[in-house]
Amino acid sequence: MAVPAGDQRDYDYATEFELPIVDVIAPVGVSDWPGTVALGHSFTEAGVAINSSNDDVSLDGLGTVEAKARITAYLQDKGIGRGTVNYRLRDWLFSRQRYWGEPFPVVWDEDGVAHSLPDSMLPLTLPDVPDYSPKTYDPEDSGSEPEPPLSRVSEWVNVELDLGDGRGVRRFRRETNTMPNWAGSCWYYLRYLDPTNSEALVDPDNERYWIGPQANPVPGAPAGTRDPGGVDLYVGGVEHAVLHLLYARFWHKVLFDLGHLSSEEPFRTYFSQGYIQAPAFTDERGQYVQAEEVVETPGVHGAEATFTWQGQPVKREFGKIGKSLKNMVSPDEMYAVYGADTFRIYEMSMGPLELSKPWETRAVVGSARFLQRLWRNVVDEITGECRVVELAETDLDPALRTLLHKTIAGVREDYAGLRFNTAIAKLIELNNAVTKLPAPPRSLVEPLVQMVAPVAPHIADELWERMGRSGSLALGPFPVADLALLVEDTVTCVIQIKGKVRDRVDVPADISESDLRELVLAREKVLAATADGIRTVIVRPPSLVNVVPM
C-alpha cells in the first residue's frame, strides 16, 4: 500500500531504496515524538493524525477512527470516493498445484486466452499418472519454476480440440492446477437431491421440493422471520462453521443469484458438535510425539502415572484428535473387536453432543455389555432360538408398562433434540428391567429393539428378524407412547422443617392444599419438631411443604 511510516514491510522497502518516509500517525500524548525515521522502525499502533491537511480538509489531531471517518465523508462529498467494507474469505486458495482435485475445464490457446470446454467435453477427468508427488528443488536453485504434477503428462496437457466456436481444430494447453476439496464440498448436498441427473446440477423441481422455502420458518426463529429454504439440519464441528459452511453459503448464494436455486441459504439450522479428544504427549522440547508409542507406568501407592516415549519422560495433555497432536485414534481396531454398533453406542453415550469429550477406549466395554444383554434378552445363548413370548401389552405388570411408555416418550424427545446420551441411558434402564424377567414379552422387547435401531442398526435389524419380523427398521415405524400412561398417579412430596429436608411422603398427584397440609402436620417428624407451636406452613401441592416452628 506504500505506507512506510505505518507498515514495517513498506518501511524496510523505503529504507532500502531511499524513498521518503512521511509520518501521518503519531502516538497519543507524546509531544516530542522523534518520528519513525529517527526510531528506525514503523509506528503501527493507533494514534493521532499529523501531517494530514490541505486547504480543503484537515485530519490533524484526530484519532485514527475519527480521521478515517472524516476523510471518507470528504471523499464522498466531493464525489471522488465512497466508504465500503471489504470481506476476506479465509483460506480461499481455490487453484492448487497438486494432482488430487477436480481439474479445471479450461484450456488456453496459443495467444494465452482462456476458453471453457463445451458441455460435450465434460466431465474432464484426471489422467492416470505414474507419479503425482510434488517436485522439490535445491534451496539455492532460484531459476526453476514450480511444477504441478499434471504438467508432466504432456499428452494430456497439450491437445488439439474443436471447441465448436466455428474456428475448427486448434492447439490448446490445459490448465494444470486443480480445484481444492472446497469445490465439491460447497455443493455436494445439492447433488444428493438429484444424483443421476446428467443434464443439470439439480432439477429445479427436486430442489424446490427438498430444500425450497417453506411456509413456516425454523422453530424458535424471531417473529416475522421468512424461511429462506435450505437443508433442515447440519451437524458439524467449529471448523465447519468458520470454513466449510462459510464457503457453502458463498457458493449457494451465487447459484441463487444466477437463478439456479429457489433456496437462498444452504442450511436452515446448524448444530455445533464438540470435539472428541484424546491424550496427547509432549517431550522436553514441547514437541508432540506419537501417542500410540507412549508407555504408561502406573503410580505406586496412589501416585499419578508417568509416561515415557522412547525411554524419555513426556507430559500428557488432552486435545482434539488429529495429525497435528499425533494422537490419532483409528476406529478400525474397535470395529474388529466390538463391531460398528458398539462403536456407535459408545460414541453417542459419551456425553452431550455439543460438548467436547475425552476418548477412552477401555470405556467401550460398557456399551458392549448393553448390546450383549439386549441380545441375550431376545436370543437363547445355548440354542440360538428366540426367547420372546407372546403377552399382550395390557397384561404387562403396570409398573413395567408405565416404564415402557415413559421410555418411548423420553427417547423420542431425546432423539429429536439430539440428546443421544440420555436416550441411550433410558434404553439401558428399560433393557435392565427386561433382563429381570424370566421370559421377555414381545410387547416389551419389540418397541425396545425399534428404539435401539437408530444408534445400533445392525444388531437391531438382526434381532427384528430373529423375532420373525421382516424389513429393515430404518424404514419401519417408531413406537408411539400412550399419553394416558405418562400421567403420574402419585408424587413424592418433600417435607422441609425450617428450610431443611426432614421427611418425604408419597401423595396423590391431585391432592388439594388443605389435605396436603393436614397430612404433613400429622407426620411424626413434624409433630416432634413443632411441639412448641407453628409459626407458618408453606404448601406447594403436591411436591413441597415447608414447616416453620415457633
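Each remark here, short or long, concerns the structure printed above.
Let us look at the structure shown here. On a predicted model such as this, the values are computed, not experimentally measured, just so you know. (Residues numbered from 1 in each chain as written. Predicted model: local features only at pLDDT ≥ 70, side-chain atom pairs only at ≥ 80, totals over all residues. Heavy atoms only, no water.)

### Here's the deal with the packing of helix α12 (residues 398–416) against helix α14 (residues 442–452)
Running from N to C, α12 and α14 point in directions that differ by 10°, and their axes come no closer than 11 Å. On the basis of their axis angle, the class for α12 and α14 is roughly parallel. From α12, L400, L404, T407, I408, V411 and Y415 reach across to α14, where they touch S443, L444, P447 and M451. In the contact of α12 with α14, the residues fall into 8 nonpolar, 2 polar and no charged. (Axes fitted to C-alpha atoms, helices over the stretch in contact; angles between N-to-C directions. Helix = DSSP H or I, 4+ residues; strand = E, 2+ residues; numbered from the N terminus. Parallel < 35°, antiparallel > 145°, perpendicular 65-115°, else oblique. Contact = heavy atoms within 4.5 Å. Nonpolar A, V, L, I, M, F, W, Y, C, P; charged D, E, K, R; others polar.)

### Considerations on a positive patch on the surface
A cluster of basic side chains, namely K498, K500, R502 and K525, defines a positive patch on the protein surface. Here K500 is to be found in strand β17 (residues 500–508). (Patch = residues over 30% accessible without salt bridge, like charges linked within 9 Å, V, L, I, M, F, W, Y side chains within 5 Å. Areas by Shrake-Rupley, 256 points an atom, 1.4 Å probe, with all protein chains shown as cover. Salt bridge = Lys/Arg side-chain N within 4 Å of Asp/Glu carboxyl O. Lys, Arg positive; Asp, Glu negative; His and termini not counted. Charge placed at Lys NZ, Arg CZ, Asp CG, Glu CD.)

### A look at the pattern of salt bridges
Oppositely charged side chains are able to pair whenever their charged atoms sit close together. The tally for this structure, following the rule as stated, stands at 22 salt bridges. When the shortest N-O distance is used, the salt bridge between E393 and R401 registers 2.9 Å. Across the pair R466 and E462 runs a salt bridge, and its minimum N-O distance is 3.1 Å. One end of the pair, R466, and the other, E462, are both in helix α15 (residues 457–466), 4 residues apart, so they sit about a helical turn from each other. In the salt-bridge network here, residues are joined through shared partners; they are E390, R442, E446 and R469.

### Examining α15
For α15, the full list of buried residues reads I459, A460, L463 and W464. For α15, the angular spread of buried residues about the axis comes to 140°, placing them on one side. The outward face of α15, more than 90 degrees from its buried face, is lined by the exposed residues H458 and E465. Looking at the buried positions of α15, the neighbouring elements they touch are α10 (340–348), α11 (364–378) and α14. In the segment just after α15, G468 is the residue with positive phi, at about 90°. (Buried < 20%, exposed > 50% of the residue type's maximum accessible area, 1.4 Å probe, protein only. Arc of directions from axis to C-beta.)

### Observations regarding the nonpolar core
Ranked by size, the top nonpolar core spans 39 residues in total, and within it L427 and V449 carry the most contacts. Breaking this core down by element, the ones donating at least two residues are α11, α12, α13 (420–435), α14 and α15. No other element matches the 7 residues that α13 contributes to this core. Grouped together as the second largest cluster of nonpolar side chains are 13 residues, L117, L124, W156 and F172 included. (Core = buried A, V, L, I, M, F, W, Y, C linked by side-chain atoms within 4.5 Å.)

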